[in-house]
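Fold and geometry: a report
Letter by letter, the chains look like this.
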Amino acid sequence: MNGLRIALLVINSLISSAGIVANLVLLIIISVATPKPIRTYSVLIVNYAVTDLFTSLAQALTVPRLITENGSFLLVFYGACSEISSRTCLYSFFVETFGFSHGLNSILLSICYRYFSLRYGVPKRKPIIILCFITCLPSLVPMLVLCQKWANESTVANLIAKYRSDMYDEGLAVAEPDCIRGDKCRNQTEASSRHGGIHYIISSRRRLGIH
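Note that the coordinates shown come from a computational prediction; the quantities given were computed from them, not determined experimentally. (Residues numbered from 1 in each chain as written. Predicted model: local features only at pLDDT ≥ 70, side-chain atom pairs only at ≥ 80, totals over all residues. Heavy atoms only, no water.)

Moving on: the overall build of the protein. Check the secondary structure of the protein and you find eight helices and three strands. Shown N-terminal to C-terminal, the secondary structure of the protein runs as helices and strands in the order α-α-β-β-α-α-α-α-α-β-α. Put simply, the protein has 211 residues, and 42% of those count as buried. Here the contacts in the protein between residues at least 6 apart in sequence split such that 75% fall between residues at least 24 apart. By element, 65% of the accessible surface of the protein is carried by carbon and sulfur atoms, the whole surface being about 12,000 Å². (Helix = DSSP H or I, 4+ residues; strand = E, 2+ residues; numbered from the N terminus. Buried < 20%, exposed > 50% of the residue type's maximum accessible area, 1.4 Å probe, protein only. Contact = heavy atoms within 4.5 Å. Areas by Shrake-Rupley, 256 points an atom, 1.4 Å probe, with all protein chains shown as cover.)

Here's what the structure looks like:
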């Protein structure tokens, strides 16, 4: 692994660690020192802090590298998840995808809250909590799309051998989520691979010989 990639790993670790520590401190402050006038708004702060906390944890685990090839892309993970299992990388990346999406939705919800408070007064906490859960639903869409577009292990290995022979190894480790198991899903994935746009995931950089 060259110096640039080591630097990227170090930078990612520092940023993720800072995010984890900052959000933990924020949650502690909210739980022990929230003034009464902003207790309702603190629900939104907690919502965003928890989302960002888990996103930072997932980012620290994955450290993905994107490689495009033949109209599709591969995700190679350099984080700690690659030392555990390919499934760990898969689910960690799902959490990261959900977190980024829900974080943006939470910012929009926060803006709407401020507008509503200025125009109609401060709402009660219960509706805000319900809205936080409702805003989670759109964030599930990217996860479902990724899950449906994920290629199975044999498809990925064959395409890597064909288009990126420099990366191919018989010990290739590829995540295979539950939603693509079975002949029907496998046939759909292999048929789609001829048109590109399939998302691949590779968990072990050492087995791929990537430096």
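What follows continues from the structure just given.
Throughout the structure, instances matching the rule amount to three aromatic pairs. Between tyrosine 41 and tyrosine 113, the aromatic rings sit 5.2 Å apart at their centres with planes inclined by 40°, giving tilted as the arrangement. A residue pair is termed long-range when its members are at least 10 positions apart, and tyrosine 41 in helix 2 (residues 39–62) and tyrosine 113 in helix 3 (residues 86–120) qualify at 72 residues. Accessibility expressed as a relative area gives 19% for tyrosine 41, which makes it buried. The exposure class assigned to tyrosine 113 is buried, which follows from its relative accessible area of 9%. Residues phenylalanine 116 and tyrosine 120 carry aromatic rings whose centres are separated by 5.1 Å and whose planes lie at 45° to one another, so their mutual orientation is tilted. (Phe/Tyr/Trp six-rings, centres within 6.5 Å; stacked < 30°, edge-to-face > 60°.)

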